[in-house]
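Residue strings, one per chain:
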Amino acid sequence: MLRVSLRGLFSRKLRLALALVAIVLGTGFLSGAFVLTDTLGARFEKLFESINQNVAVQVAPTEESTEDGQPPRLTAEQLNRLRVPGAAAVQGDVSAVGVVPFDVRNGRPVTLYGAPQLGGGVTGDDPFSLVGIADGRWPARAGEVAISRFTAEQAHATVGDRIKVYLPRVNAAREFSVVGVVTYSGDRASLAGETLVLFQEAEAQRIFYGRTGVSSGAYLAAAEGVSHKELRDRVAPLLPAEFRAMTGEQANQEQANAVNEGLSQLTRYFFGPFAIIAVIVAVFLIFNTFTIVVAQRTQELALMRAMGASWAQVAGSVLVEAVLVGLAGSTLGLLAGVGLGYAGTALLTGLLGVELPGAGLAVGVTPVVLAYTVGVLVTVLSALVPAVKASAVPPLAAMREVARPDKPLRALSVVGAALAVPGAALVGLSLTGVGGLTLPALLLGVGLVFLGVALLSPLLTRPLAGLIGRAVGWGTSGKLGVRNALRNPRRTAVTAAALMIGVTLVSAAGVVGASFKSTIEQEVTATIGADIVVQTNQTQGPPNGETGFSAAAMQKVRELPEVRRALSLFLTIDAKIQGRTNRSLGIAAVDQDFAVASDMLGLTRADGDPGTLGEGEFVTDDNTADGRGWAVGDQVAIALSKGGERQYRLVGTFKSTPLLNGTVFLPQSAVADFAGPLANQGYVDLADGADATAATARIEQIMSDFPLVTVGDRSSLVDQFDSFIDIALAIVVVLLGLAILIALLGILNTLLLSIYERTRELGLLRAVGLSRFGVMRMVGTESVVMAVFGCLLGIVVGLGLGVALSAALIDIDFLSTIAVPWVDLAVFVLLAALAGVAAALWPAWRAAKLDVLDAIAYE
């Protein structure tokens, strides 16, 4: 039986080719995600090794000492104590993040996406050989800087130029003379696409720490014959309690572990779900392939039964083919995953402008095991039902032509309805709040509805696909194509269901995205009482007071004759609330009386007196108060980045709005305990008759020293939110594109296998006068019907899913309206029709070129 299975497999290799492609695409995406993150992790590890290659011991603050937002400093005296026997060199770490150079040509800040913008202090040649002078000299006095070659390229600066640099603790930009350009060891322009500005050490200490003679840590090099561990053990007892000593290898590993944890989250929660969706869609294609192939082999399988093969041997022969196809597909998928990992690494590093050391790929055990496990398991499970059907073929079927009518759809429809009806009830109950059902119940209901519709799709094939056929099936060829799509509702439904999955998710994402856009536009227009909005682009991470604009800058805005009133909004998420790390609430403060802030932000009282906000008091939205069980008068412990834990009393709540849902407002004095003093947003109300264009230009000039800060009218705020939503939707569509591609391959596969099945029929059609073009039109119409049918099912289910999710978000005040992107959905249908035409090209060409006499004689 094994030899028979192998011969049968190789004789039908073309029929199984697209099932193989589906496995390759699914497992390739899955393994490629792991290869990508493993490769990036390995390259970051090499990066940290290269940074610390000459560092024997690193001294850094303990985690506990930095919890209050005020990291400890090593004094010059404490640094000198570290010059123990065996230490060849000791250097204090004088550095800061957020030191932003400006472009010399246009005066705009150099903006990076992902890579840090660093500043450092130097005294001369680096004893650890990390950087060296490539042009000019080291900065020797105040007002001088050296910059990395990458920074010089980005800022278009050379030795002798004057360059403006934003200084984070100073919260202002100053001009410096560029006296040198440095490169890293190996003549590299950068380590990972970062900018680097170096100051004379004493000036760097004044800029970064506000005083000289201190550093944030230290690096030590070991003398010959002294191990890193031995030097660490000599240094550790001499350190203040707030510091710890690590070997260079330990420091590398800690940094690498932090990066790898972030990358693993990327795979687990981002790439992983999309890969699983692609694999699920592949199941439909593989199932259809084996179902059709088994149906076409009825006489062959019956002959095997007549010759003595047991039902188990017949089923086993089909499963052996599935295992072999799964192994081949998994192997090719793993190779494709390696290629995707390499391409993804190059694409990400290129887009982010990151140069990471190492050029190889890291292929761990996980992607290999996953590729083979998922590939083989999915193929075998997909072929299980066809294998059981194959074993039930009676031996007498070998002696005559056997008609294979479709089984009644009654049982399948009952099961589908049994899933869809309770699912719809769960969705309705969770949206109305009956019985306290929440988001998990909603998602369960949506899942049941989705499965129910998938099982009911054969029942929907004749009415819905028939309706589509009336629109596209004109002429004799078109009508034949429509009838071909309707003759086997199960096959058409399974093929369409694969496409339905991808379209459902894209449609749902489109509805939620459109609802967010509509909500934001309505909220900004109706509630924000400001003509001009000052915003901070959060490309360097979430708000914490370290990026934005200063209070002094906003005061200058208030002094403009065109301005009636102005408000600064300070934001952070760095906090502990009632002893737990905050992960969801925005902690805010304003620099005006809260009554003024309420008016400008469009806040409406819900309970208590949120109009005033004194020391030790806070207000929040009613949703947050209800969700946390807070009532007016309650005391809540809040610990910010600095100052430790403090008690705040809830004095009032305001009605939740999508823009400020989940926000806790503290008094302005609390800003002193934020990680930084900078405001994140600003709102400016102009005087009557003021020229908005002129006022915007003057405010832009005031804010020009602050990188990442933009100024515009209310529509600019809407545009910023819309751009984020568009990017998110584009990512979703691209990642779901693989699942949709597999589904379209499923249509192509079904058509190809159907042509084998209908070879004699096609020959007879040609013999009675149907032209080659007529055959091609017939196959094309069948493909378009299946594609549009799957797309319409996906749109209907996706529309329901998107509306349900949007309604749930309205219930918790994340949205205020539901919007349906009708134009986008219409485009989806048009694209589905075009994709159906594209999927039919190869099958239609094969069908049209069949020899008439050979086709009529085909067995």
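No experiment lies behind these values; they were computed from the predicted model shown.

Focus: the overall build of the protein
Logical step 1: The secondary structure content of the protein amounts to 23 helices and 26 strands.
Logical step 2: C-alpha extents for the protein along the principal axes are approximately 100 × 75 × 50 Å.
Logical step 3: Within the protein, the proportion of its 859 residues that are buried is 50%.
Logical step 4: For the protein, long-range pairs separated by at least 24 residues make up 83% of all intrachain contacts whose partners lie at least 6 apart in sequence.

Thoughts on the environment of Leu-486
Logical step 1: Looking at the secondary structure, you find Leu-486 in helix α13 (residues 475-487).
Logical step 2: Given a relative accessible area of 18%, Leu-486 falls into the buried group.
Logical step 3: Remark: the alpha-carbon pair of Leu-486 and Val-414, spanning 72 residues in sequence, is separated by 21 Å.
Logical step 4: If we skip the residues at most four places from it in the chain, Leu-486 touches Thr-461, Arg-462, Ala-465 and Gly-466.

Concerning unusual backbone geometry
Note on backbone geometry: most residues besides glycine have negative phi, and most peptide bonds are trans.
Logical step 1: For Gln-578, which is not a glycine, the phi torsion comes out positive at approximately 55 degrees.
Logical step 2: Residue placement: Gln-578 occurs in the loop between β17 (576-577) and β18 (580-581).
Logical step 3: When its relative accessible area of 44% is taken as the criterion, Gln-578 is described as partly exposed.
Logical step 4: We note that Leu-708 has phi near 75 degrees; this positive angle belongs to a residue other than glycine.
Logical step 5: Here Leu-708 falls in the buried class, since its relative accessible area comes to 14%.

Notes on the packing of aromatic side chains
Logical step 1: Taken as a whole, this structure holds seven aromatic pairs when the rule is applied.
Logical step 2: With a centroid separation of 5.6 Å and an interplanar angle of 85 degrees, the aromatic rings of Phe-618 and Trp-630 are classed as edge-to-face. Placement of the pair is Phe-618 in strand β21 (residues 617-621) and Trp-630 in the loop between α17 (622-628) and β22 (635-639), with a sequence separation of 12 residues. Trp-630 matches Phe-618 in its accessibility class, with the two residues each being buried.

Some remarks on the sheet that holds strand β1 (residues 57-61)
Logical step 1: One open sheet holds the four strands; their spatial order is β3-β13-β1-β14, and the pairing between them is antiparallel. The two strands at the open ends of the sheet, each matched to only one other strand, are β3 (87-93) and β14 (243-247). The mean angle between the axes of side-by-side strands here comes to 20 degrees, regardless of whether they run parallel or antiparallel.
Logical step 2: By the bridge criterion, five bridges tie β1 to β14 in an arrangement that is antiparallel. Residue Val-59 lies in a different strand from β14, and its bridge partner there is Ala-245.

Section: the pairing of strand β15 (residues 532-536)
Logical step 1: Within β15, five of the five residues are buried, leaving the element largely enclosed by the surrounding structure.
Logical step 2: Here β15 shows a buried face lined by Ile-532, Val-534 and Thr-536 and a second buried face lined by Val-533 and Gln-535.
Logical step 3: Relative to strand β25 (residues 681-686), β15 runs antiparallel, the two sharing three bridges. The residue bridging Ile-532 from the neighbouring strand is Val-684, located in β25.
Logical step 4: Note that β15 and strand β26 (residues 709-713) share five bridges and pair antiparallel. Along β26, the bridge assignment pairs Gln-535 with Thr-710.

A word on the packing of helix α19 (residues 714-757) against helix α21 (residues 772-811)
Logical step 1: The geometry of α19 relative to α21 is characterised by a closest axis approach of 10 Å and an angle of 140 degrees between their N-to-C directions. Judged by the inter-axis angle, α19 sits oblique to α21. The two elements α19 and α21 meet at a crossing, and its hand is right-handed. Judged by residue contacts, Ile-747, Thr-750 and Leu-751 of α19 engage Val-779, Glu-782, Ser-783, Met-786 and Ala-787 from α21.
Logical step 2: The residue inventory of the contact of α19 with α21, partitioned by class, reads five nonpolar, two polar and one charged.

Let's talk about the pattern of salt bridges
Logical step 1: On inspection of all chains with the given rule, the structure shows 19 salt bridges.
Logical step 2: Put simply, Asp-233 and Arg-232 hold a salt bridge, and the shortest N to O gap is 3.2 Å.
Logical step 3: Of the residues examined, Arg-232 reaches a relative accessible area of 16% and is grouped as buried.
Logical step 4: Of the charged contacts, one joins Asp-685 and Arg-564 as a salt bridge, the two residues approaching to 2.4 Å between their closest N and O atoms. Taken together, the positions of Asp-685 in strand β25 and Arg-564 in strand β16 (residues 563-572) put the pair 121 residues apart, joining distant regions of the chain.
Logical step 5: Here the salt bridges share partners, and the residues they tie into one network are Arg-564, Arg-565, Asp-599 and Asp-685.

Some words on the nonpolar core
Logical step 1: With 88 residues, the main nonpolar core has Phe-29, Val-281, Met-500, Ile-742, Ile-747 and Val-779 as its most contacted residues.
Logical step 2: At 14 residues, the largest contribution of residues to this core is made by α21.
Logical step 3: Non-local contacts of Met-500, meaning those with residues more than four positions away in its chain, are made with Phe-450, Val-453, Ala-454, Gly-790, Leu-793, Gly-794 and Val-797.
Logical step 4: If you look at the next biggest cluster of nonpolar residues, it comprises 43 residues, including Phe-549, Val-557, Leu-560 and Phe-706.

Re the confidence of the model for the protein
Logical step 1: Chain-level statistics for the protein give a pLDDT mean of 84 and a share of 92% at 70 or above.
Logical step 2: The element-level mean pLDDT for the protein is lowest in helix α1 (residues 2-11), coming to 58, with strand β8 (residues 144-148) highest at 96.

Observations regarding a nonpolar patch on the surface
Logical step 1: A contiguous nonpolar surface patch, about 480 Å² in accessible area, is contributed by Val-823, Val-827, Leu-830, Leu-831 and Leu-834.
Logical step 2: Within the secondary structure layout, Leu-830 lies in helix α22 (residues 822-848).

Observations regarding helix α15 (residues 551-558)
Logical step 1: Within α15, the full set of buried residues consists of Ala-553, Met-554 and Val-557. Down the axis of α15, the buried set is contained in an arc of 95 degrees. They therefore lie on one face. Set apart from the buried face of α15 by more than 90 degrees, the exposed residues are Ala-552 and Lys-556.
Logical step 2: Close packing links the buried residues of α15 with β16, β25 and α18 (692-702).

Details of the side chain of Thr-519
Logical step 1: Its location among the elements puts Thr-519 in helix α14 (residues 489-527).
Logical step 2: Residue Thr-519 is classed as buried on the basis of its relative accessible area of 1%.
Logical step 3: A polar contact is formed between the side chain of Thr-519 and the backbone nitrogen of Thr-817, at a distance of 3.5 Å.
Logical step 4: In this structure Thr-519 touches Pro-658, Phe-814, Leu-815, Ser-816 and Thr-817, once residues within four positions along its chain are discounted.

Regarding the environment of Leu-460
Logical step 1: In this structure, Leu-460 sits in helix α12 (residues 439-472).
Logical step 2: Placed 222 residues apart in sequence, Leu-460 and Leu-238 show a C-alpha to C-alpha distance of 78 Å.
Logical step 3: If we skip the residues at most four places from it in the chain, Leu-460 touches Ala-465, Phe-789 and Leu-793.

Things to note about the packing of α14 against α21
Logical step 1: Two numbers describe how α14 lies on α21: the axes approach to 5 Å, and their chain directions differ by 35 degrees. Once α14 is placed against α21, the crossing between them reads as right-handed.
Logical step 2: The residue inventory of the contact of α14 with α21, partitioned by class, reads 21 nonpolar, 10 polar and no charged.

Some words on the side chain of Glu-203
Logical step 1: In this fold, Glu-203 is placed in helix α5 (residues 201-209).
Logical step 2: Salt bridges are absent for the buried Glu-203, whose nearest opposite-charge side chain, Arg-174, sits at 5.5 Å.
Logical step 3: Within the structure, the side chain of Glu-203 is placed 3.1 Å from the backbone nitrogen of Gly-143, a separation counted as a polar contact.
Logical step 4: Apart from residues lying up to four places away in sequence, Glu-203 is in contact with Arg-141, Ala-142, Gly-143, Glu-144 and Phe-176.

Here is what the cut-offs are and how they apply
Residues numbered from 1 in each chain as written. Predicted model: local features only at pLDDT ≥ 70, side-chain atom pairs only at ≥ 80, totals over all residues. Heavy atoms only, no water. Helix = DSSP H or I, 4+ residues; strand = E, 2+ residues; numbered from the N terminus. Buried < 20%, exposed > 50% of the residue type's maximum accessible area, 1.4 Å probe, protein only. Contact = heavy atoms within 4.5 Å. Phe/Tyr/Trp six-rings, centres within 6.5 Å; stacked < 30°, edge-to-face > 60°. Pairing = 2+ DSSP bridges. Axes fitted to C-alpha atoms, helices over the stretch in contact; angles between N-to-C directions. Parallel < 35°, antiparallel > 145°, perpendicular 65-115°, else oblique. Left-handed = near helix turned anticlockwise from the far one by under 90°. Nonpolar A, V, L, I, M, F, W, Y, C, P; charged D, E, K, R; others polar. Salt bridge = Lys/Arg side-chain N within 4 Å of Asp/Glu carboxyl O. Core = buried A, V, L, I, M, F, W, Y, C linked by side-chain atoms within 4.5 Å. pLDDT = per-residue confidence, 0-100. Patch = residues over 30% accessible without salt bridge, like charges linked within 9 Å, V, L, I, M, F, W, Y side chains within 5 Å. Areas by Shrake-Rupley, 256 points an atom, 1.4 Å probe, with all protein chains shown as cover. Arc of directions from axis to C-beta. Polar contact = N/O pair within 3.5 Å; in protein donor to acceptor, adjacent residues only side chain to side chain. Lys, Arg positive; Asp, Glu negative; His and termini not counted.

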